[in-house]
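Understanding the architecture of this molecule
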Amino acid sequence: QVQLVESGGGLVQAGGSLRLSCAASGRTFSNYAMGWFRQAPGKEREFVARISRSGGNTYYADSVKGRLTISRDNAKNTVYLQMNSLKPEDTAVYYCATTRVTTIELRDYAYWGQGTQVNVSS
């Protein structure tokens, strides 16, 4: 079992920044690649970003490339999502999740946090 707790969400104006955190406990954090996903009202949950176990490899959805940055600190069992130049369409609940494979598919992520709400006003 891995427990994940997201934090750092909130309300921000368009063009602003937020940093989300996801703290993990349970099994060895560095054994897992990590992903961030988001779900806007009335929409399906979608992939945002992924980071390898060591942090050396990252991958982003086209919609966030150049604005959002995923990183991790294995000593702190935490993965981050730095969000810059935010847009109203970034409004969603953001979730972190674990995977043992190189993937952006939701079905391949085993453990999920409860989510943190991000609201971007125009």
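Residues numbered from 1 in each chain as written. Predicted model: local features only at pLDDT ≥ 70, side-chain atom pairs only at ≥ 80, totals over all residues. Heavy atoms only, no water.

Quick notes on the sheet that holds strand β1 (residues 2-7)
- With antiparallel pairing, four strands are arranged side by side in an open sheet as β1-β3-β8-β7. Looking at strand neighbours, the two that pair on one side only are β1 and β7 (68-73), the edges of this open sheet. Averaged over all neighbouring strand pairs, the angle between strand axes comes to 15°, with direction disregarded.
- Sheet analysis places β1 next to strand β3 (residues 18-26), joined by six bridges and oriented antiparallel. Bridging across to β3, V5 finds its partner in A23. (Pairing = 2+ DSSP bridges. Helix = DSSP H or I, 4+ residues; strand = E, 2+ residues; numbered from the N terminus. Axes fitted to C-alpha atoms, helices over the stretch in contact; angles between N-to-C directions.)

Topic: unusual backbone geometry
- The backbone of N77 sits at a positive phi, close to 55°, despite the residue not being glycine.
- Note that N77 resides in the loop between β7 and β8 (78-83).
- The exposure class of N77 is partly exposed, given its relative accessible area of 29%.
- Unlike most non-glycine residues, S85 shows phi in positive territory, near 50°.
- Relative to the helices and strands, S85 is located in the loop between β8 and β9 (92-99). (Buried < 20%, exposed > 50% of the residue type's maximum accessible area, 1.4 Å probe, protein only.)

Looking at the packing of aromatic side chains
- Applying the stated criterion across every chain yields a total of six aromatic pairs.
- Between F37 and W112, the ring centres sit 4.9 Å apart and the planes meet at 50°, which makes this aromatic pair tilted. Pair noted here: F37 is in strand β4 (residues 33-39) and W112 is in strand β10 (residues 111-112), with a separation of 75 residues, a long-range link.
- For F37, a relative accessible area of 0% translates into the label buried.
- When its relative accessible area of 26% is taken as the criterion, W112 is described as partly exposed.
- Grouped by ring-pair contacts, the aromatic residues F37, F47, Y59, Y95, Y109 and W112 constitute a single cluster.
- Taking the ring centre of W112 as reference, the NZ or CZ of R45 above it sits at 5.0 Å.
- One residue, R72, lies across the ring of F29, its end atom 4.3 Å from the ring centre. (Phe/Tyr/Trp six-rings, centres within 6.5 Å; stacked < 30°, edge-to-face > 60°. Lys NZ or Arg CZ within 6 Å of the ring centre and 35° of its normal.)

Brief notes about the state of the cysteines
- Taken as a whole and assessed by the stated rule, the structure comprises one disulfide.
- The side chain of C22 participates in a disulfide bridge whose partner is C96; the two sulfur atoms lie 2.0 Å from each other. Given an S-S torsion of about 60°, the disulfide between C22 and C96 has right-handed geometry. With C22 in strand β3 and C96 in strand β9, this residue pair connects regions lying 74 residues apart in the sequence. (Disulfide = S-S within 2.5 Å.)

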